[in-house]
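Observations on the three-dimensional arrangement
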Amino acid sequence: PIFGSPVNFQLASSYQYVYRAEGEKGHWVDAYPVFSLPYNFGDYLQVTPLVGFRGTAWEGRGGPVDKDGDREIYTLGLNASTEVHRVFNTRLGSVDKIQHTVRPEVTYSYVPNAKKDNMPDFVAAVPETNAVTYSLTNTMIAKVKEDMKDKKAVGPEGLRAPAAEKYSYVEFLRFVVSQTYDIKEQRSSKPEAERRPFSPVMMDLILTPHQYVSYRGQYSFDINDGEWKKMDHDLTLKDWRGDSATLSYRYTQDALQEIDLYLK
């Protein structure tokens with residue numbers, strides 16, 4: 001927060017020096033402050049407008065011509081989200097309750113055209129953006145009763161008394177589905193049949209059924225072609241010392257298909 005006001009401030013900044021025996025090399029610095037103003041409509045909706053100013057300066061050598069310059073752009077955004085949840089009394093083993101939370105979210109992003117002719121190839125490009133991203137996040141959190149067997153609390157006179165019940169909270173499921181609608185693509189000069197304003201549907205699933213077992217799956221489904229573009233699976237087993245083994249399957253359409261094993 002800025003001086004205790006409702007306006008929030010964040011800053012992402014970086015400096016890089018790139019050296020190559022052949023090709024362009026040099027310095028570049030980037031600063032990106034963003035101001036936001038979250039506003040709650042009761043307990044049901046939070047709306048956050050964002051305004052950013054991004055400045056980049058560089059000094060390039062080693063190319064066909066020396067390239068010194070800078071780039072200044074503004075960015076705009078608007079985020080809206082809400083959240084609903086319900087608590088279920090399960091009483092299954094040590095699991096006392098489970099909370100299921102659903103969070104729909106919509107974000108609009110706008111970045112004007114920031115291309116420059118005199119930019120060295122080592123300066124990160126900022127893509128022109130005019131798009132809406134919508135997502136749905138499901139989470140499930142378990143309230144787990146800790147095993148207090150053989151645990152005692154010391155009383156005021158040194159007497160051993162049963163310890164009070166203790167609970168821990170474990171997020172054992174998180175599932176996020178998101179997609180982007182590209183307004184810039186829809187308004188392009190391409191024939192309507194060639195436009196692809198809807199991005200692939202992105203899915204991210206994290207399961208932690210036990211403290212020593214976890215799974216993560218990341219998937220990409222292209223609704224235009226009706227095909228899976230990407231599928232990544234990671235199954236991890238751990239022990240109490242921190243040792244771990246991860247079995248991974250990687251698939252990217254027309255590019256990659258492999259199985260990996262990581263031991264730590």
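Residues numbered from 1 in each chain as written. Predicted model: local features only at pLDDT ≥ 70, side-chain atom pairs only at ≥ 80, totals over all residues. Heavy atoms only, no water.

Some words on the overall build of the protein
Each helix and strand in the protein was counted, giving 1 helix and 16 strands. Here the C-alpha radius of gyration of the protein, 25 Å, is well above what a compact globule of 264 residues would show, namely 18 Å. Within the protein, the fraction of its 264 residues that count as buried is 25%. Here the analysis covers contacts within the protein between residues at least 6 apart in sequence; of these, 48% occur between residues at least 24 apart. (Helix = DSSP H or I, 4+ residues; strand = E, 2+ residues; numbered from the N terminus. Rg over C-alpha atoms; globule rule 2.2 N^0.38 Å. Buried < 20%, exposed > 50% of the residue type's maximum accessible area, 1.4 Å probe, protein only. Contact = heavy atoms within 4.5 Å.)

Notes on the pattern of salt bridges
Think of it this way: side chains of opposite charge can pair up when their charged atoms draw near. Across all of its chains, the model carries 14 salt bridges by this definition. For the salt bridge of Arg103 with Glu105, the shortest nitrogen-to-oxygen distance reads 3.8 Å. Taking the relative accessible area as the measure of exposure, Arg103 reaches 28% and is therefore partly exposed. Glu227 serves as the salt-bridge partner of Lys229, at 3.9 Å between the closest nitrogen and oxygen. The exposure class assigned to Lys229 is partly exposed, which follows from its relative accessible area of 22%. Bridged by salt links that share partners, the residues Glu83, Arg103 and Glu105 form one connected network. (Salt bridge = Lys/Arg side-chain N within 4 Å of Asp/Glu carboxyl O.)

Considering the pairing of strand E5 (residues 67-81)
Where strand E4 (residues 45-61) meets E5, 15 bridges bridge the pair, whose relative direction is antiparallel. In the strand pairing of E5, Ala57 is matched with Asp70. Hairpin connection, E4 to E5: the antiparallel pair is bridged by 5 residues, and Gly62 has positive phi, about 95 degrees. With 6 bridges connecting them, E5 and strand E7 (residues 95-111) associate as antiparallel partners. Bridging across to E7, Leu78 finds its partner in Tyr108. (Pairing = 2+ DSSP bridges.)

A closer look at the side chain of Thr101
One can find Thr101 in strand E7. One polar contact links Thr101 to Gln99, side chain to side chain, over a distance of 3.2 Å. With sequence-adjacent residues up to four places away left out, Thr101 is seen in contact with Glu83, Val84, His85, Thr137, Asn138 and Thr139. (Polar contact = N/O pair within 3.5 Å; in protein donor to acceptor, adjacent residues only side chain to side chain.)

A look at the nonpolar core
Formed by Val18, Trp28, Trp58, Met119, Phe122 and Val123, the largest nonpolar core amounts to 6 residues. If you look at the next biggest cluster of nonpolar residues, it comprises 5 residues, including Val201, Leu205, Tyr215 and Tyr219. (Core = buried A, V, L, I, M, F, W, Y, C linked by side-chain atoms within 4.5 Å.)

Some words on the pairing of strand E8 (residues 129-145)
Here 16 bridges tie E7 to E8, and the two strands are oriented antiparallel to one another. In the sheet register, Ile98 faces E8, and the bridge partner there is Ala142.

Remarks on a nonpolar patch on the surface
Taken together, Phe9, Leu11, Phe35, Val51, Phe53, Tyr74 and Leu76 make up a surface patch of nonpolar side chains, about 620 Å² in accessible area. Secondary-structure elements contributing two or more residues to the nonpolar patch are strand E1 (8-18), E4 and E5. One can find Phe35 in strand E2 (residues 25-36). (Patch = residues over 30% accessible without salt bridge, like charges linked within 9 Å, V, L, I, M, F, W, Y side chains within 5 Å. Areas by Shrake-Rupley, 256 points an atom, 1.4 Å probe, with all protein chains shown as cover.)

Quick notes on the side chain of Glu24
Its place among the elements puts Glu24 in the loop between E1 and E2. A polar contact is formed between the side chain of Glu24 and the side chain of Lys67, at a distance of 3.3 Å. Engagement of the side chain of Glu24 in a polar contact is seen with the backbone nitrogen of Asp121, the distance being 2.9 Å. Once you skip the residues sitting within four places of it in the chain, Glu24 turns out to touch Arg61, Gly62, Gly63, Lys67, Pro120, Asp121 and Phe122.

Some remarks on the environment of Asn118
When you line up the elements, Asn118 lands in the loop between E7 and E8. A sequence separation of 66 residues divides Asn118 from Lys184, and the C-alpha atoms of the two residues are 25 Å apart. A polar contact of 3.3 Å, which involves the side chain of Asn118, links it to the backbone oxygen of Asp68.

Quick look at the packing of aromatic side chains
Within the structure shown, the criterion is met by 6 aromatic pairs. Look at Phe9 and Phe35: their rings are 5.3 Å apart centre to centre, the planes differ by 50 degrees, and that puts the pair in the tilted class. Taken together, the positions of Phe9 in strand E1 and Phe35 in strand E2 put the pair 26 residues apart, joining distant regions of the chain. Among the aromatic residues, ring-to-ring pairing joins Tyr219, Phe221 and Trp228 into one connected group. (Phe/Tyr/Trp six-rings, centres within 6.5 Å; stacked < 30°, edge-to-face > 60°.)

Looking at unusual backbone geometry
Positive phi, normally seen in glycine, also occurs at Phe3, with a value near 50 degrees. Mapped onto the elements, Phe3 comes out in the segment before E1. If you check the backbone angles, Asp254 has positive phi at about 65 degrees while not being a glycine. Locating Asp254 in the fold gives a position in the loop between strand E15 (244-252) and strand E16 (256-263).

Structural measurements only, silent on function.
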